[in-house]
Amino acid sequence: LQTKLPAVGTTIFTVMSTLAAERGAVNLGQGFPDFNCDPKLVQAVTDAMTQGLNQYPPMTGVPSLREAVSAKIGSMYGRRYDPASEITVTAGATQAIITAILAVVRPGDEVIVLEPCYDSYVPNIELAGGTVVRVPLVPGTFRPDFDRIAAAINPKTRAILVNSPHNPSATVWSRADMLRLEELLAPTEVLLISDEVYEHMVFDGDGHQSAARFPGLAARAFIVSSFGKTYHVTGWKVGYVAAPAPLTTEFRKVHQFNVFTVNTPVQHALASYMADPTPYLELPAFYQRKRDLFREGLARTKFKLLPSEGSYFQCVDISAVSDLPEAEFCKWLTTEIGVAAIPLSAFYGNGFDQRVVRFCFAKKDETLRTALDRLARL
Ligand code: PMP
Ligand code: GLN
């Protein structure tokens, strides 16, 4: 069989979660919470189902949810998106990203990704017939290297994918970074796909710098987010895309033929739940406390801690603990020590190994403590 994606196997997240389950390891690999969401949210889904909200919603998403998303973006980032023509509800961020790519990338177009990057981006671009242009983030700090990004842009460049807060490195782009990107793209037609799924998990600093805050970026951007991350419901697979009307029109042409629309009762539940901003306004403090608990424990191990400025990830350098390559180390850690992690090499096309692995701290405190007790033995 001639395959379309010969280089693609099973994702590292599935591989590590399967191994963790087989070995009874504490799973700090794949990013998802091990605690339940707010019971009010579950009740809201039940209520919607009981009220008979069980048939197809509009192709673009339930209107009240699009309105709630628009209100949230307006109050947090100061830009108004028209719920009718500029916001589309998607089956998670994953579908939003591939749909945006399929909507705008033509065969031969170049698309810039900043490595390390989330594992779906590259196969998505390849499926659209685009050419992937990999620009490394600065080794060690994972900061954007604007000289290299500028050097990668040429008349064939159709889009750039940016992800802040960043998976896997947990770095966050500053306002200065976003202004620099805005300036760099200003003389070009390059589109921006801004993966902001961890928008409500930014610690210490001046908050999330959404592309929506920067007119020159927002005008060319598909802004992607995910309710799974924000409300502790990764399995619900609901997210959204906010983009100017002409981009949304193109997005919806693809969306209507790959999913058409998304789970009705869950959309109604999310719309009513979003009326109160408290849950997402409290999320940074909620995760910052877990990050600090986890980091304090890790500081007593031989791992070297990297900064965690946002997201629910914590990266560590393993050099003082093991000589194994990252991927082998993660398997060994899962089977022998009972804690699963993700190798950063999985986020690079060439498997670049810098002796760094990623832990997810979206876990109950007791889960984190159990993992830390095990890691302390290393
Ligand atoms: N982008 C990034 C950076 C992610 O970490 C994830 C989730 N792991 C996604 C996209 C996909 O989000 P969803 O589960 O809503 O499809
Ligand atoms: N985004 C999650 C992570 O980075 C995993 C999502 C998935 O399993 N595809 O861990």
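This structure is a prediction, so every number in the text was calculated from the model and none was measured. (Residues numbered from 1 in each chain as written. Chains lettered and ligands numbered in written order. Predicted model: local features only at pLDDT ≥ 70, side-chain atom pairs only at ≥ 80, totals over all residues.)

Take the environment of Phe142 next. Residue placement: Phe142 occurs in the loop between β4 (131-136) and α6 (146-152). What makes Phe142 buried here is the crowd of 22 C-beta atoms within 10 Å. Note: C-alpha distance between Phe142 and Arg175 (33 residues apart in sequence) is 16 Å. Setting aside chain neighbours within four positions, we find Phe142 in contact with Leu137, His166, Ser169 and Thr171. (Helix = DSSP H or I, 4+ residues; strand = E, 2+ residues; numbered from the N terminus. Buried ≥ 20, exposed ≤ 12 C-beta atoms within 10 Å, placed from the backbone. Contact = placed C-beta atoms within 7 Å.)

A few words now on the pairing of strand β3 (residues 110-115). Within β3, 5 of the 6 residues are buried, which leaves it mostly tucked inside the rest of the structure. Of the crossover connections in this fold, the one passing from β3 over helix α5 (residues 121-127) to the parallel β4 is right-handed. In terms of strand pairing, β3 meets strand β5 (residues 157-163) through 4 bridges, oriented parallel. Bridge pairing links Ile112 to Ile160 in β5. (Right-handed = clockwise from strand over helix to strand, strands pointing away. Pairing = 2+ DSSP bridges.)

What follows deals with the domain arrangement of the chain. If you check the domain split of the chain, you get domain 1 (12-30 + 279-376) and domain 2 (39-276). The centre of domain 1, based on its C-alpha atoms, is set 25 Å off from the matching centre of domain 2. Residue-level contacts link 25 residues of domain 1 with 25 residues of domain 2. Contributions of two or more residues to the side of domain 1 that touches domain 2 are made by α12 (278-298) and β10 (313-317). (Domains from an automatic or database assignment.)

Our next topic: the sheet that holds strand β12 (residues 342-343). An order of β9-β10-β13-β12 is seen for the 4 strands of this open sheet, with the pairing classed as antiparallel. If you trace the sheet from one side to the other, it starts and ends with β9 (304-305) and β12, each paired once. Here β10 runs beside strand β13 (residues 356-360); their pairing, made up of 5 bridges, is antiparallel. Each residue of the ladder has a partner; that of Val316, found in β13, is Val357.

The subject of this paragraph is the site of ligand 2. Every residue close to ligand 2 is listed here: Thr11, Phe13, Gln30, Gly31 and Asn167. The residue makeup of the shell around ligand 2, split by class, is 1 nonpolar, 4 polar and no charged. (Near = placed C-beta within 6 Å. Nonpolar A, V, L, I, M, F, W, Y, C, P; charged D, E, K, R; others polar.)

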